Amino acid sequence: MSDPGEPIRVFLMDDHEVVREGVRQLLEASGQIQVVGEAATCADALIRVPATQPRVAILDVQLPDGSGVEVCREIRNDHPEIAC
């Protein structure tokens, strides 16, 4: 469990950069969330999520190279501590 004073570490996956930027700004404006990584593809997310060690991964459901649902399954299988 993380320290209550530490921001919640979040990873974003969406194929649209403008969406990722908007979500990042909204989340980080709270002062309680830190976006620690982003990906535009499922393949990149599967590499970057473990490397950035987020507490939460926010995943787009439909991307050109696959499904966010499948990415979530793979992440949770290998890293059950990460919420999707």
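This text goes with the structure placed above it.
Our subject in this report is the structure included herewith. Predicted model, so just to flag it, every value in this text is computed and none were measured.

## Here we look at the pairing of strand E2 (residues 33-39)
Inspection of the sheet shows strand E1 (residues 8-13) paired to E2 by six bridges, in the parallel sense. Across the sheet, the residue bridging to Leu12 is Glu38, located in E2. Note that the unit made of E1, helix H1 (residues 17-28) and E2 has a crossover that is right-handed.

## Focus on the side chain of Asp14
In this fold, Asp14 is placed in the loop between E1 and H1. Within the buried set, Asp14 has no salt-bridge partner at all; the shortest N-O distance to an opposite charge, 5.6 Å, is to Arg20. Within the structure, the side chain of Asp14 is placed 2.8 Å from the backbone nitrogen of His16, a separation counted as a polar contact. Apart from residues lying up to four places away in sequence, Asp14 is in contact with Val19, Arg20, Ala39, Ala40, Asp60 and Leu63.

## Comments concerning the pattern of salt bridges
Taken as a whole and assessed by the stated rule, the structure comprises four salt bridges. Residue Glu38 pairs with Arg24 through a salt bridge whose shortest N-O separation is 2.7 Å. Residue Glu38 is located in strand E2, and its partner Arg24 is located in helix H1; the two are separated by 14 residues in the primary sequence. Linking Arg73 and Glu70 is a salt bridge whose minimum nitrogen-to-oxygen distance equals 2.4 Å. Placement of both Arg73 and Glu70 in helix H3 (residues 68-78) is noted, with a separation of three residues, approximately one turn of the helix. Connected via shared salt-bridge partners are Arg20, Arg24, Glu28 and Glu38.

## Topic: H3
By the burial criterion, the buried members of H3 are Gly68, Val71 and Ile75. When H3 is viewed along its axis, its buried side chains cluster within an angular range of 55 degrees and face the same direction. Set apart from the buried face of H3 by more than 90 degrees, the exposed residues are Arg73 and Asn77. In this fold, the buried residues of H3 make contact with E1, helix H2 (42-52), strand E3 (56-59), strand E4 (62-63) and strand E5 (66-67).

## Considerations on the nonpolar core
If you look at the biggest cluster of nonpolar residues, it comprises 12 residues: Phe11, Met13, Ala39, Cys42, Ala45, Val49, Ala57, Leu59, Leu63, Val71, Ile75 and Ile82. Of all the secondary structure elements, the ones that give two or more residues to this core are E1, H2, E3 and H3. For Ala45, the contacting residues outside a window of four places in its chain are Phe11, Met13, Ala39, Pro50 and Val71.

Rules used throughout
Residues numbered from 1 in each chain as written. Predicted model: local features only at pLDDT ≥ 70, side-chain atom pairs only at ≥ 80, totals over all residues. Heavy atoms only, no water. Pairing = 2+ DSSP bridges. Helix = DSSP H or I, 4+ residues; strand = E, 2+ residues; numbered from the N terminus. Right-handed = clockwise from strand over helix to strand, strands pointing away. Buried < 20%, exposed > 50% of the residue type's maximum accessible area, 1.4 Å probe, protein only. Lys, Arg positive; Asp, Glu negative; His and termini not counted. Salt bridge = Lys/Arg side-chain N within 4 Å of Asp/Glu carboxyl O. Polar contact = N/O pair within 3.5 Å; in protein donor to acceptor, adjacent residues only side chain to side chain. Contact = heavy atoms within 4.5 Å. Arc of directions from axis to C-beta. Core = buried A, V, L, I, M, F, W, Y, C linked by side-chain atoms within 4.5 Å.

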